[in-house]
Amino acid sequence: MKAMKEKEMTYEKAMERLEEISLQLENNKLGIDQIAGCLKEAKTLAAFCREQLVATEEDVRKILAEKE
């Protein structure tokens, strides 16, 4: 699977791809030439997921604050 375009990216898709990369690394399914590229992709995906979680947390806090 190739890296997804940013506009197509969702948290769920990013997590699926991270799992895929993780399994490939664990099962030695990647050639030496692919490892660095996959690790870079994983780093980008992890940052995307972190940003999504922070944004969602902020939204939830705002919603809860409005109820008070």
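Now for a quick tour of the structure. Note that this is a predicted model, so its numbers are computed, not measured.

1. Overview of the packing of helix α1 (residues 11-26) against helix α2 (residues 32-67)
No. 1: Taken N-terminus to C-terminus, the directions of α1 and α2 make an angle of 145 degrees; their axes are 9 Å apart at the nearest point. Note on packing geometry: the crossing formed by α1 with α2 is left-handed. Contacts between α1 and α2 involve Y11, A14, M15, R17, L18, I21, Q24 and L25 on the former and, on the latter, I35, C38, L39, E41, A42, L45, A46, F48, C49, Q52 and L53.
No. 2: Here the contact of α1 with α2 is composed, by residue class, of 15 nonpolar, two polar and two charged.

2. What to know about the nonpolar core
No. 1: Counting residues in each nonpolar core, the largest one holds 10 residues, listed as M9, A14, L18, I21, L30, C38, A42, L45, F48 and C49.
No. 2: Counting residues per element, the ones that place at least two in this core are α1 and α2.
No. 3: Counting residues per element, this core draws most heavily on α2, at five residues.
No. 4: Other than its neighbours up to four places away in sequence, C49 contacts Y11, A14, M15 and L18.

3. A short note on the side chain of R17
No. 1: Of note, R17 is situated in helix α1.
No. 2: A polar contact of 2.4 Å, which involves the side chain of R17, links it to the side chain of E20.
No. 3: Here the side chain of R17 touches E41 through a polar contact of 2.8 Å, side chain to side chain.

Definitions and cut-offs
Residues numbered from 1 in each chain as written. Predicted model: local features only at pLDDT ≥ 70, side-chain atom pairs only at ≥ 80, totals over all residues. Heavy atoms only, no water. Axes fitted to C-alpha atoms, helices over the stretch in contact; angles between N-to-C directions. Helix = DSSP H or I, 4+ residues; strand = E, 2+ residues; numbered from the N terminus. Left-handed = near helix turned anticlockwise from the far one by under 90°. Contact = heavy atoms within 4.5 Å. Nonpolar A, V, L, I, M, F, W, Y, C, P; charged D, E, K, R; others polar. Core = buried A, V, L, I, M, F, W, Y, C linked by side-chain atoms within 4.5 Å. Buried < 20%, exposed > 50% of the residue type's maximum accessible area, 1.4 Å probe, protein only. Polar contact = N/O pair within 3.5 Å; in protein donor to acceptor, adjacent residues only side chain to side chain.

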